[in-house]
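Each chain, letter by letter, is given below.
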Amino acid sequence: MKKYVIGSMEIYVFGSNAKGIHNGGQAKDALLNHGAISGRGIGLQGTSYAIPTKRSLHEKMPLREVREHVLEFIKFARSHPDFTFEVQRIGCGNAGFTDDDMKPLFENSPENVHLHFR
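A. Region of the structure containing the nonpolar core. Ranked by internal contacts, the top residues of the largest apolar core, which has 24 residues, are V13, I51, F73, F85, M102 and F106. Broken down by secondary-structure element, the contributors of at least two residues to this core are strand 2 (8-17), strand 4 (48-54), helix 2 (63-78) and strand 5 (83-87). Take this core: its biggest share by element is six residues, from helix 2. With residues up to four places along the chain from it excluded, the contact list for M102 reads T53, L63, V66, I90, C92, F97 and F117. Counting residues in hydrophobic clusters, the runner-up holds six residues, among them Y12, A27, A36 and A50.

B. Summary view of the environment of A95. Tracing the backbone shows A95 in the loop between strand 5 and helix 3 (99-102). Taking the C-alpha atoms as reference points, A95 and A50, separated by 45 residues in sequence, lie 14 Å from one another. Setting aside its immediate chain neighbours within four residues, A95 contacts T53, K54 and K60.

C. The arrangement of the environment of H34 in detail. Along the chain, H34 falls in the loop between helix 1 (25-33) and strand 3 (43-45). Its relative accessible area of 6% is what places H34 among the buried residues. Along the sequence, H34 and L115 sit 81 residues apart, while their C-alpha atoms lie 18 Å from each other.

D. Quick look at the pairing of strand 5. With respect to burial, strand 5 is a largely interior element, five of its five residues being buried. Side-chain alternation along strand 5 places F83, F85 and V87 on one buried face and T84 and E86 on a second face that is also buried. Summarising the sheet, strand 5 and strand 6 (residues 113-115) pair through three bridges and their orientation is parallel. Within strand 6, the position partnered with E86 by the bridge is H114.

Cut-offs used in this document
Residues numbered from 1 in each chain as written. Predicted model: local features only at pLDDT ≥ 70, side-chain atom pairs only at ≥ 80, totals over all residues. Heavy atoms only, no water. Core = buried A, V, L, I, M, F, W, Y, C linked by side-chain atoms within 4.5 Å. Buried < 20%, exposed > 50% of the residue type's maximum accessible area, 1.4 Å probe, protein only. Helix = DSSP H or I, 4+ residues; strand = E, 2+ residues; numbered from the N terminus. Contact = heavy atoms within 4.5 Å. Pairing = 2+ DSSP bridges.

Right, here's the structure in full:
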């Protein structure tokens, strides 16, 4: 399902595992409704963007590794000012991070990035 904002494409940013097994939570929503691709755990896919917070279904990534993926996402968002990025509460479900862990990683995000952390 593609969503459009006037003059822009809305991108659903979700937490993923690096293997791209999108079987629950935000990842499943991205797969079913936003064009996420099974087997791809990083980057733009349809009208979604995957940021991995786990290496596999059962192995959490260290926060420093997640930070690197977030920095790549921020660089991508800056280079696509015509997109609106709706960042879900990535990492705050199965990966076990808190909103307070994740919010600071996005502190230098451009204006087209909208955060949904608590």
